[in-house]
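# Observations on chain architecture
One-letter residues, chain by chain:
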Amino acid sequence: MAALVSTTDILQAKRSYDVDSAIHQLRPDITPFLTISRAFKGGPRTVTDPKFFWLEDDVAAFSTTVSTDYTSTSASNEIVVADSSVFLVQDIIYNAKSLERMRITVIVNSTTLTVVRGFPLPTSTTSTGLAAGTATNVLIRLGNLYPEGAASRDGTSGVEVEKFNYTQIIRTPYSITNTMKASKLRVGKDELGIMHAKKAMEHKIEIERFMLFGMRNEETAIFAKTSRTMGGLFQAITTNVTVDSDGTLTESEFNDFLETIFRYGSKRKLMLGGGTILKAINSWGKSDLQIDPNWKKYGLDLKEYFSPFGSIGISFAEEIFRLSTQLTGTAVVIDPANVRFVILRPTKKVQIVVDMDGEKWEYVTECSLQVTLEKTHGVLKGAIGYAA
């Protein structure tokens, strides 16, 4: 043996094993949508059946579009429209393109109106007050015309729309041998406790993924018993879906998108965005981004983007949004007033009795998502890059 002994000259089994007592998790809580949806509308909705319902209604429609071109030469004319049910006899209607006003005298059928053109009739002998209309022109119902002392006319009425979703059983099983439990460990002395914490996180992540990307379904073909999946956020939002046509998102295009989604609902909304979307917003100017303490009540620290149409709290979406260019360039905007987490069976940690020399556990939740008034939400996708 050498006179000068170093650490590598001795029997290595004699050396102390020095390791940090903590096990560092790579990914902390990455379920912002699940976290915040639990706080929306005063907390989760508890249901009593795996198929649950809600009703939606809207104010009466007041506009439609022209289906067939018409000329400016006739003082009395039939106008063909997409839907005549939004109007009443003696309504004054307004062509938002030609600026002509007309009075409805007869609703001929579901797509045809008889009107008096150029209402009110002009007093000038050199003007007819008429203007040509073309297909896709918007006709707006201004209201009904009444003389003094007139009787009330029949009105219009709407019928609520019934919506539904299914609850889904989410299970995250895990097990440990009794030998492993009895073993003395240098790090993480309670291996089962570590597994409990890790699997609880994985359970939450799985719930959030279904809440985002789930497709509503109920069937018996796969198993002998009925299986159900919840409809997620992306399935629910069908109206306000904007695709960036050239792949380069500009601030002007982003504001066009915001103008669309803020037409209905709250003036403060939440955006879950992929990396490309968030980098684009950050590049356009930090003056529009501010820390908003109001989001803390939902359990998140978010920056707020302010626009003339409304403001959005910005959150980086769950890890799955990193997995493809399509998802990195995607964002979904949610109106907190119209999203709710739904519970049939709350999350439980259950020990399963099995014939094994060890223990088996699982987290079980039966839950779903209620997305109401889908026009108050929106999806932006297709961004590969960004520019000013």
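Residues numbered from 1 in each chain as written. Predicted model: local features only at pLDDT ≥ 70, side-chain atom pairs only at ≥ 80, totals over all residues. Heavy atoms only, no water.

### Remarks on the overall build of the protein
Regarding its fold elements, the protein presents seven helices and 23 strands. Taken across its 388 residues, the protein has 39% of its residues classed as buried. Intrachain contacts of the protein at a sequence separation of at least 6 include 73% that bridge at least 24 residues. Surface summary for the protein: the accessible area is close to 21800 Å², and the carbon and sulfur share equals 54%. (Helix = DSSP H or I, 4+ residues; strand = E, 2+ residues; numbered from the N terminus. Buried < 20%, exposed > 50% of the residue type's maximum accessible area, 1.4 Å probe, protein only. Contact = heavy atoms within 4.5 Å. Areas by Shrake-Rupley, 256 points an atom, 1.4 Å probe, with all protein chains shown as cover.)

### Overview of the environment of Arg-171
Relative to the elements of secondary structure, Arg-171 occurs in strand β10 (residues 168-177). When the C-alpha positions of Arg-171 and Lys-348 are compared, they lie 9.8 Å apart, and in sequence the two are 177 residues distant. Other than its neighbours up to four places away in sequence, Arg-171 contacts His-203, Glu-206, Glu-362, Tyr-363 and Val-364. Polar side-chain contacts of Arg-171 include one of 2.7 Å to the side chain of Glu-362. (Polar contact = N/O pair within 3.5 Å; in protein donor to acceptor, adjacent residues only side chain to side chain.)

### Overview of the sheet that holds β10
With mixed pairing, four strands are arranged side by side in an open sheet as β1-β20-β21-β10. In this open sheet, the two strands that pair with only one neighbour each are β1 (45-46) and β10. Pairing of β10 with strand β21 (residues 358-371), which is carried by 10 bridges, proceeds in the antiparallel orientation. Within β21, the residue paired with Tyr-174 across the bridge is Trp-361. Where helix α3 (residues 191-213) meets the sheet, it contacts β10, β20 (339-352) and β21, and its direction lies at approximately 160° from that of β10. (Pairing = 2+ DSSP bridges. Axes fitted to C-alpha atoms, helices over the stretch in contact; angles between N-to-C directions.)

### A closer look at the layout of surface pockets
For the largest pocket, the calculated volume is near 590 Å³. Together, 22 residues line the largest pocket, and Glu-56, Lys-163, Val-371, Leu-373 and Glu-374 are the ones closest to its centre. Taken together, the elements giving at least two residues each to the lining of the largest pocket come down to β2 (51-56), β9 (161-166), α4 (233-236) and β21. No other element matches the four residues that β9 contributes to the lining of the largest pocket. Residue composition of the lining of the largest pocket, grouped by class: eight nonpolar, seven polar and seven charged. (1 Å grid on protein atoms, 1.4 Å probe; cavity = no way out; pocket = protein on both sides within 12 Å on 5 of 7 lines; lining within 4 Å. Points joined across faces, edges and corners; volume = space filled by probe spheres on them. Nonpolar A, V, L, I, M, F, W, Y, C, P; charged D, E, K, R; others polar.)

### Describing the packing of aromatic side chains
All chains considered together, the criterion is met by eight aromatic pairs. Seen in terms of ring centroids, Phe-254 and Phe-257 are 6.4 Å apart; in terms of plane orientation they differ by 40°. Their pairing is tilted. In this pair, Phe-254 and Phe-257 both sit in helix α5 (residues 251-261), three residues apart, roughly one turn of the helix. Relative accessible area serves as the criterion here: at 0%, Phe-254 is assigned to the buried category. Here the basic side chain of Lys-51 rests over the ring of Phe-164, its NZ or CZ set 4.5 Å away from the ring centre. Sitting over the ring of Phe-164, Arg-216 keeps its end group 3.8 Å from the ring centre. (Phe/Tyr/Trp six-rings, centres within 6.5 Å; stacked < 30°, edge-to-face > 60°. Lys NZ or Arg CZ within 6 Å of the ring centre and 35° of its normal.)

### Some points on the pattern of salt bridges
The full count for this structure, using the stated rule, is eight salt bridges. Note that Arg-141 is salt-bridged to Asp-91, the shortest N-O span being 2.5 Å. Placement of the pair is Arg-141 in strand β8 (residues 138-144) and Asp-91 in strand β5 (residues 91-95), with a sequence separation of 50 residues. In this structure Arg-141 comes out as partly exposed when scored by relative accessible area, which is 26%. Arg-117 is paired through a salt bridge with Glu-100; the nearest N and O atoms lie 2.7 Å apart. (Salt bridge = Lys/Arg side-chain N within 4 Å of Asp/Glu carboxyl O.)

Read these as spatial facts, not as claims about activity.
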